[in-house]
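Now for the letters of each chain:
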There are 2 protein chains.
Amino acid sequence: MFLSRIGSQTIVFRHPPAIEATATIVGKKEAAGPYGSCFDMVIDDNYWGEESWEKTESKMLREAAKMAAQRAGHPLNAYNYFLAGDLLNQIISANFAARELSIPFIGLYGACSTFVEGLGLGGIIIDGGFAERLLVGSSSHHESAERQYRAPVELGIQRKVTAQWTVTGAAGIAVTRQRPGPCLTKVTFGKVVDMGIKSADEMGAAMAPAAVDTIIQHFIDTGTQPDDYDLILTGDLASVGKAIVLEMAKQRGYDLSKNYEDCGAIIYDQSTQKVQTGGSGCGCVAVMASGHFLPEMIKGTYKRMLVAATGALLSPTSSQQGNSIPGIAHAVTIERL
Amino acid sequence: MFLSRIGSQTIVFRHPPAIEATATIVGKKEAAGPYGSCFDMVIDDNYWGEESWEKTESKMLREAAKMAAQRAGHPLNAYNYFLAGDLLNQIISANFAARELSIPFIGLYGACSTFVEGLGLGGIIIDGGFAERLLVGSSSHHESAERQYRAPVELGIQRKVTAQWTVTGAAGIAVTRQRPGPCLTKVTFGKVVDMGIKSADEMGAAMAPAAVDTIIQHFIDTGTQPDDYDLILTGDLASVGKAIVLEMAKQRGYDLSKNYEDCGAIIYDQSTQKVQTGGSGCGCVAVMASGHFLPEMIKGTYKRMLVAATGALLSPTSSQQGNSIPGIAHAVTIERL
């Protein structure tokens, strides 16, 4: 059902699609963090036998998608679509993964919001009766992202205090019409919000306003309040962005202080892992939601959660031309029905 | 209706969404070509008052989307989604256009297949009952594409004989539940196909196998033959790629010689416009389909056409690492019902 009144951005699924299986692959640093034991596979080093970090990232995404398919118990050709994206120019991680998977491919770009963009579109495709099952995936890789967006890590440039550490991680999720499994019940696609941040070391501040915009829109459209969720989760705002979300939401009359968390703020141990304000990247919310929060929901810890993935639409080209960094956030409600 | 037998890649819409309006904006070179009079607006020079070609491209996409909305007779806030993408890293043309339009945004990356990827997903969203109306758009710009993918035009590097000329053009399409208007009746999302082409000057050859794969899959899934269409149109293979499509299809038992055309092969006058094999870019099929073929369908020239947009998933990064260029094609059947 589409909430068709003017201004609504939210879709309520009629027959909520189910998440049949998830799979996560991370790097050593992520495995050494507080949630390290939640992830399905840890690669030995950030090359994983490949010649370049970009090739490694694509392999991680491909293998995570294959693992999710296998766990769900279906061969790859039983999946009607592969919806995926990543941070690299021309989403090469996803393109090359799709080439190997040989599943009809729908390429997405939403920066770090891609994971939820894929879940939302996947939900639409399944609920609309256009597919039996599909795979959603996204990935990021610390070294491939740094050299594209900021500077090659070999330069050893000192990281700013507001910087975030791009997560080396990939997740695949198998979505199907058939329950059981946590279900996608609602999705809110966000608008692009730009508050004028220009520094690639202030991603959290660039994305936080978009997160607040989409989360509050979701509340308004669905007639819910923060208390109606066991957990409200954002993607990778890290500690600075998280604080901004809490403050901005409060100013708009929503108290998120009791049940709000951000994946970027918790994936690393900030006291020992030297990540400045926390984690970022398409892989951050993907591996935290798939590796920790969805399994916890299956165990019964959560009944209903709102996951808002935020993307900083950062581009070296547009930044060099003096443009600010627009942000976007897409949100899905996931429920144990 | 989803054709759910194993191997099918095609969706048949139950209530075919209608194309309510189109709008096109092109550069002077495109306006000087054989179809120049079909386009709605021609920009004075390739800057259009902006400081950079990237900003110009984004403005073209934004204005084309606004023009399509206006022609359909609805304010921007009556559109539930804006589905768009382009060739630039991080799809900045689309991101910045979406910021100004302030419509919930679904960012796509399918290289030059983006236009049909957007129409296909837009069709799913409308037919599934998830939106009343939405805007689809894509763009490309000769100078912004050349400096990102090949070399800055200021260098004056001699173009290879197999090269294509990136179209400076943007199109917006308004899709709705309400007829009249040409209708989207079927969509086939393609697989990534890679035959090993490595040169950024041989896009047509890189994309042609994907075009053939998707077009024949569409025939098989829908039980149709080439003769069932008044026109079979590909995106931007240009003259070399077009010849490869004809030959490869023939080898697989399909004669496309009677009703097949390629937008890249016809958008310029190849005898006088110095474009080597023809046009390319996200904007090529977008402006040709929106500016010429859809209006011709409304006039009655065509009753049913199959539009397959092809994308070369070209990346300077992956090319520098020795990778070949994967191709993809998505196809939609558009009919006058």
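Right, let's walk through the structure included here. Only a predicted model underlies this, so the values are computations on that prediction, with no experimental measurement involved.

What counts, and at which threshold
- Residues numbered from 1 in each chain as written.
- Chains lettered and ligands numbered in written order.
- Predicted model: local features only at pLDDT ≥ 70, side-chain atom pairs only at ≥ 80, totals over all residues.
- Heavy atoms only, no water.
- Helix = DSSP H or I, 4+ residues; strand = E, 2+ residues; numbered from the N terminus.
- Buried < 20%, exposed > 50% of the residue type's maximum accessible area, 1.4 Å probe, protein only.
- Contact = heavy atoms within 4.5 Å.
- Areas by Shrake-Rupley, 256 points an atom, 1.4 Å probe, with all protein chains shown as cover.
- Axes fitted to C-alpha atoms, helices over the stretch in contact; angles between N-to-C directions.
- Parallel < 35°, antiparallel > 145°, perpendicular 65-115°, else oblique.
- Left-handed = near helix turned anticlockwise from the far one by under 90°.
- Least-squares fit on C-alpha atoms with pLDDT ≥ 70 in both.
- Buried area = accessible area lost by both parts, 1.4 Å probe.
- Salt bridge = Lys/Arg side-chain N within 4 Å of Asp/Glu carboxyl O.
- Polar contact = N/O pair within 3.5 Å; in protein donor to acceptor, adjacent residues only side chain to side chain.
- Nonpolar A, V, L, I, M, F, W, Y, C, P; charged D, E, K, R; others polar.
- Core = buried A, V, L, I, M, F, W, Y, C linked by side-chain atoms within 4.5 Å.
- Pairing = 2+ DSSP bridges.
- Phe/Tyr/Trp six-rings, centres within 6.5 Å; stacked < 30°, edge-to-face > 60°.
- Lys NZ or Arg CZ within 6 Å of the ring centre and 35° of its normal.

### Brief notes about the overall build of chain A
Point 1. Along chain A, the regular secondary structure elements total 10 helices and 14 strands.
Point 2. The principal-axis extent of the C-alpha atoms belonging to chain A is close to 50 × 50 × 35 Å.
Point 3. The burial tally for chain A puts 69% of its 337 residues in the buried class.
Point 4. The contacts in chain A between residues at least 6 apart in sequence include a share of 76% that link residues at least 24 apart.
Point 5. Counting every atom, chain A has about 10700 Å² of accessible surface; 49% of that belongs to carbon and sulfur.

### A short note on the packing of helix α2 (residues 53-72) of chain B against helix α5 (residues 142-149) of chain B
Residues and elements named next belong to chain B.
Point 1. Where α2 contacts α5, the axes come no closer than 8 Å and their chain directions differ by 130°. Regarding the angle of α2 to α5, the classification is oblique. For the pair α2 and α5, the sense of crossing is left-handed. Note on element contacts: α5 touches α2 through Glu143, Ser144 and Arg147, opposite Trp53, Glu54 and Glu57.

### Structural notes on the relation of the copies chain A and chain B
Here the two chain copies are tied together by a rotation about an axis and a shift along that axis.
Point 1. Once chain A is rotated about the relating axis by 180° and shifted along it by 0.0 Å, it coincides with chain B to within an RMSD of 0.0 Å. The transformation just described matches what one would write down for a two-fold rotation axis.
Point 2. The fraction of interface residues of chain A whose copies in chain B are also interface residues reaches 100%, indicating that both copies meet through the same surface.

### Structural notes on helix α5 (residues 142-149) of chain A
Point 1. The element α5(A) is largely enclosed, with a buried count of seven among its eight residues.
Point 2. Along α5(A), the residues that are buried comprise A:His142, A:Glu143, A:Ser144, A:Ala145, A:Glu146, A:Gln148 and A:Tyr149.

### Some points on the interface of chain A and chain B
Frequently, the measure chosen for interface size is the accessible area removed from exposure when the parts meet.
Point 1. In this assembly, 60 residues from chain A lie in contact with 60 residues from chain B.
Point 2. Buried surface at the junction of chain A and chain B, summed over both partners, amounts to about 4900 Å²; 61% is from carbon and sulfur atoms.
Point 3. For the pair chain A and chain B, the number of links is two salt bridges.
Point 4. Two residues, B:Asp194 and A:Arg99, come together in a salt bridge whose shortest N-O distance is 2.4 Å.
Point 5. Joining chain A to chain B, the criterion identifies 21 residue pairs in polar contact (both at pLDDT 80 or more).
Point 6. Of all the secondary structure elements, the ones that give two or more residues to the side of chain A that touches chain B are α2 (53-72), α3 (92-101), β5 (105-107), α4 (114-127), α5, α10 (316-320) and β14 (327-335) of chain A.
Point 7. Considering only residue class, the side of chain A that touches chain B consists of 30 nonpolar, 20 polar and 10 charged.

### Quick word on unusual backbone geometry
Residue and element names in this part refer to chain A.
Point 1. Of note in this structure, Trp48 is not a glycine but carries a positive phi near 50°.
Point 2. Secondary-structure assignment places Trp48 in the loop between β3 (41-42) and α2.
Point 3. The buried category is assigned to Trp48, whose relative accessible area is 18%.

### Some remarks on the pattern of salt bridges
Residues and elements named next belong to chain A.
Point 1. Under the counting rule described, the total for this entry stands at 33 salt bridges over all chains.
Point 2. Between Lys160 and Asp201 there is a salt bridge, and its shortest N-O distance comes to 3.6 Å. Taken together, the residues span a long stretch of sequence, with Lys160 in the loop between α5 and β7 (165-166) and Asp201 in the loop between β9 (183-188) and α6 (203-222) at a distance of 41 residues.
Point 3. Residue Lys160 is classed as partly exposed on the basis of its relative accessible area of 48%.
Point 4. Note on Asp201: relative accessible area 17%, which makes it buried.
Point 5. Put simply, Glu261 and Lys242 hold a salt bridge, and the shortest N to O gap is 2.9 Å. You can see Glu261 sitting in strand β11 (residues 260-262) and its partner Lys242 sitting in helix α7 (residues 238-251), a full 19 residues away along the chain.
Point 6. Several salt bridges share partner residues, and in doing so they unite Arg62, Glu63 and Lys66 into one network.

### Here we look at the nonpolar core
Point 1. Core analysis: the biggest nonpolar cluster contains 120 residues, and A:Phe82, A:Phe105, A:Leu135, B:Phe82, B:Phe105 and B:Leu135 have the highest contact counts within it.
Point 2. Not counting the four nearest positions on each side in its chain, B:Phe82 is found in contact with B:Leu61, B:Ala65, B:Ala94, B:Ala97, B:Ala98, B:Leu101, B:Ile103, B:Pro104, B:Phe105, B:Ile106, B:Leu135 and B:Gly137.
Point 3. Among the nonpolar cores identified, the runner-up in size contains 102 residues, and A:Ala289, B:Tyr81, B:Cys284 and B:Met305 belong to it.

### Comments concerning the pairing of strand β8 (residues 169-176) of chain B
Residue and element names in this part refer to chain B.
Point 1. Of all eight residues in β8, eight are buried, a share of seventy percent or more.
Point 2. Burial of β8 is two-sided: the residues Gly169, Ala171, Ile173 and Val175 facing one way and the residues Ala170, Gly172, Ala174 and Thr176 facing the other way are all buried.
Point 3. Looking at chain direction, strand β6 (residues 133-140) and β8 are connected through eight bridges and run antiparallel. Residue pairing in the sheet places Ser139 in a bridge with Ala170 of β8.

### A few points about the environment of B:Ile91
Point 1. Position of B:Ile91 among the secondary structure elements: in the loop between β4 (81-86) and α3 (92-101).
Point 2. Considered as a pair, B:Ile91 and B:Gly118 are 27 residues apart in the sequence and their alpha carbons are 14 Å apart.
Point 3. The residues touching B:Ile91, leaving out its near neighbours within four places in the chain, are A:Tyr109, B:Ala84, B:Gly85, B:Asp86, B:Phe105, B:Gly107, B:Leu108 and B:Tyr109.

### Describing the pairing of strand β2 (residues 18-26) of chain A
Residues and elements named next belong to chain A.
Point 1. Counting buried residues in β2 gives eight out of nine residues, a clear majority hidden from the surface.
Point 2. Here eight bridges tie β2 to strand β8 (residues 169-176), and the two strands are oriented antiparallel to one another. In the sheet register, Thr22 faces β8, and the bridge partner there is Ile173.
Point 3. Sheet analysis places β2 next to β3, joined by two bridges and oriented parallel. Considered in β3, the bridge of Ile25 is made with Met41.

### Regarding the side chain of B:Thr224
Point 1. Looking at where B:Thr224 falls in the secondary structure, it is placed in the loop between α6 (203-222) and β10 (231-234).
Point 2. At 2.9 Å, the side chain of B:Thr224 forms a polar contact with the side chain of B:Tyr229.

### Here's the deal with the packing of aromatic side chains
Point 1. Throughout the structure, instances matching the rule amount to 14 aromatic pairs over all chains.
Point 2. A centroid spacing of 6.1 Å and a plane angle of 45° characterise the contact between B:Phe293 and B:Tyr302, whose relative ring orientation is tilted. In this pair, the class of B:Phe293 matches that of B:Tyr302, namely buried.
Point 3. Taken together, A:Phe219, A:Tyr229 and A:Tyr254 form an aromatic cluster joined through their ring pairs.
Point 4. Against the face of A:Trp165 rests A:Lys29, its NZ or CZ located 4.0 Å from the ring centre.

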